[in-house]
Amino acid sequence: MSNIIHRSYKILDELATHPKGRTLSELADELDIPVSATHRLLTDLIDCGYVRKDDRLGEFTLTMQVVSLALRFLSASGIADVSQPALERLAMKSGELVRLAMVDADQLIYVAKAQGAAQGLRYDPEMGRAVRLAFSAAGYVWLSTKEDDEALRLLALQGLGNRDECGPAAPKSIKEVMANVSETRKRKFALTQDVFLPGMNSMATPVYGDKGEVLAILIIAGPMSRLTKQRMNSLAPALIDTANELSRLSGVSPMFKQQVEKTLQHAVM
C-alpha cells in the first residue's frame, strides 16, 4: 500500500473517533507522522472535501462527505433495506441494541443496527467500525465457523489491541480467545459477559448464504444488569430465527449476492 494512502487513512480513522476535532500536533503525535507530512496530507484531504479546519480553534474534523460516501454505498448495496425490518423486530423483542456485521474479506464491519431500549441505559455505538474479534461475541462466533489455523490467522492480523478499553473479563491472551471460540462451537450462538465493554454483555450468531458460507453476524448487546446470561439464553431462539430470516433474504441484496461470490471464489483459491 502507498505510504501516502496508508497515512491518509490513518488520519481519517483517527478523526472518525474524535468528532470534536484534533489539532495538527495531536494528529502527528498520535499517529507518529512528522508534522510537515501530516500538514500536507490534511491539506490534500481538505481539498478533496473529506476534512475541514476550524481556523479559530486550529482543529481538524471530518466533513459529511465521508458519511455521504458510506450511506451511498449502503443504499446501493440494499443491505439496510433488506435487513432493517428484521433487526427492528428483534430489537423490539429483546429491548436491546441489535446489530448486523458484514463479512468483508478478513474482517467484520458493522453495517446496520436497531435500538430496542426505550429508556434507561442505552448502548448506541458508532457504525462502520470493524469488529474486535478477540473481545466480542460476533468475533467468537465468526471464528468458531473457521478451522483453528484460519481463526488464528485472522486474530494475528488484527491482534489483541488495547485491553484498557474492554471489560474486566476480556481475554488476556490468544489462548484464552481460542478457548472462548471452542466453547462457542458447542452452541449455535456466542455470548460474552463484561468483555467488550465494562458492564456490557452480548450474544451473536451467523447469517449464512445458500451455499453454507457465513455472510454476516447478527448481534444483541446491552447492559449486563438487563441482558443477563439467563436472558441471553432465553433470547437465543429469537436471535437464531432472525438470522435464519436474514439468510433467506440474503439473495435480495446485491451486496449479499456479491459477498456470496467473493466467499466462494476465496474458498476455491
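Residues numbered from 1 in each chain as written. Predicted model: local features only at pLDDT ≥ 70, side-chain atom pairs only at ≥ 80, totals over all residues. Heavy atoms only, no water.

### What to know about unusual backbone geometry
Our working rule: Secondary structure elements are defined from DSSP: runs of H or I of at least 4 residues count as helices, runs of E of at least 2 residues count as strands, and each element is numbered from the N terminus. Relative accessibility under 20% of the residue-type maximum defines a buried residue, over 50% an exposed one, and the middle range a partly exposed one, all with a 1.4 Å probe and only protein chains included.
Phi is positive for Asp32, which is not a glycine, with a value near 55°. By the secondary structure assignment, Asp32 is in the loop between α2 (24-31) and α3 (35-47). Positive phi, close to 60°, is recorded for Asp194, a residue that is not glycine. Inspection of the secondary structure assignment puts Asp194 in the loop between β6 (190-193) and β7 (200-208). On the accessibility criterion, Asp194 (17% relative accessible area) is buried.

### Things to note about the pairing of strand β5 (residues 107-115)
Put simply, the rule is: Pairing between strands is defined by DSSP: at least two bridges between them are needed.
In this sheet, β5 lies alongside strand β4 (residues 97-104) in antiparallel orientation, the contact comprising 8 bridges. Directly across from Arg99, in β5, lies its bridge partner Lys113. Counted along the chain from β4 to the antiparallel partner β5, the turn is 2 residues long, and its residue Ala105 has a positive phi close to 60°.

### As for the pattern of salt bridges
Quick reminder of the rule: Definition used for salt bridges: Asp or Glu carboxyl oxygen within 4 Å of a side-chain nitrogen of Lys or Arg.
Tallied over the entire structure, the rule returns 9 salt bridges. Arg226 serves as the salt-bridge partner of Glu96, at 2.8 Å between the closest nitrogen and oxygen. Here the residue Glu96 occupies a position in the loop between α5 (79-94) and β4, and Arg226 occupies one in the loop between β8 (214-223) and α9 (229-249), the gap between them amounting to 130 residues. Taken together, the shared-partner salt bridges connect Glu14, Arg22 and Glu26 into one network.

### Comments concerning the sheet that holds β7
Think of a sheet as strands paired side by side through backbone hydrogen bonds, with each pair either parallel or antiparallel. For clarity, the threshold we go by: Axes here mean lines fitted to C-alpha atoms, for a helix over just the part in contact, with angles spanning 0 to 180 degrees between N-to-C directions.
Strand order in the open sheet formed by 5 strands is β5-β4-β8-β7-β6, and the pairing between neighbours is antiparallel. Sheet topology places β5 and β6 at the edges, where each strand pairs with a single neighbour. Within the sheet, the average angular offset between the axes of one strand and its neighbour, ignoring direction, is 20°. As defined by bridge partners, β4 adjoins β8 across 6 bridges and the pair is classed as antiparallel.

### What to know about the confidence of the model for the protein
Counted only if it meets this: For every residue, the predictor states its confidence as a pLDDT score lying anywhere from 0 to 100. Any pair of residues with heavy atoms lying within 4.5 Å of one another is described as a contacting pair.
With 82% of its residues at a pLDDT of at least 70, the protein reaches an overall mean of 83. Across the protein, the element-wise mean pLDDT spans from 49 in helix α10 (residues 254-268) up to 95 in helix α6 (residues 137-144). For residues 263-269, every residue scores under 50 in pLDDT, and the model assigns this stretch 3 contacts once sequence neighbours within four places are set aside.

### Looking at the sheet that holds strand β3 (residues 59-62)
Taken together, 3 strands build an open sheet; the order of strands is β1-β3-β2 and the sheet is antiparallel. On the outer flanks of this sheet lie β1 (22-23) and β2 (51-54), each paired with one strand and no other. In this structure, β2 lies alongside β3, joined through 4 bridges in antiparallel fashion. Within β3, the residue paired with Arg52 across the bridge is Thr61. Here helix α1 (residues 3-16) sits on the sheet in contact with β1, β2 and β3, set at roughly 90° to β3.

### Description of the environment of Leu227
As for its placement among the helices and strands, Leu227 is situated in the loop between β8 and α9. By relative accessible area, Leu227 is classed as buried at 0%. Counting along the chain gives 131 residues from Leu227 to Glu96, while the straight-line C-alpha distance between them is 8.0 Å.

### Quick word on the packing of α6 against helix α8 (residues 174-185)
Selection rule: We call two directions roughly parallel when the angle between them is under 35 degrees, roughly antiparallel when it is over 145, roughly perpendicular when it lies between 65 and 115, and oblique otherwise. Put simply, a crossing is left-handed when the front helix is turned counterclockwise from the back one by less than a right angle, and right-handed when it is turned clockwise. Amino acid classes used here: Ala, Val, Leu, Ile, Met, Phe, Trp, Tyr, Cys and Pro are nonpolar; Asp, Glu, Lys and Arg are charged; the rest, including Gly, are polar.
Where α6 contacts α8, the two axes come as close as 8 Å, and the packing angle between them is 70°. What the angle tells us is that α6 and α8 run roughly perpendicular. The chirality of how α6 crosses α8 is right-handed. When α6 is examined against α8, the residues Tyr140, Val141, Leu143 and Ser144 are found in contact with a partner set consisting of Val177, Asn180, Val181, Thr184 and Arg185. By residue class, the composition of the contact of α6 with α8 is 5 nonpolar, 3 polar and 1 charged.

### Thoughts on α2
Convention followed: Throughout, the arc means the angular range of directions from the helix axis out to the C-beta atoms.
Listing the buried residues of α2 in full gives Leu27, Ala28 and Leu31. One face of α2 carries all of its buried residues, which in axial projection span an arc of 95°. Exposed side chains of α2 directed beyond 90 degrees from the buried face belong to Asp29 and Glu30. Buried residues belonging to α2 abut α1, β1 and α3.

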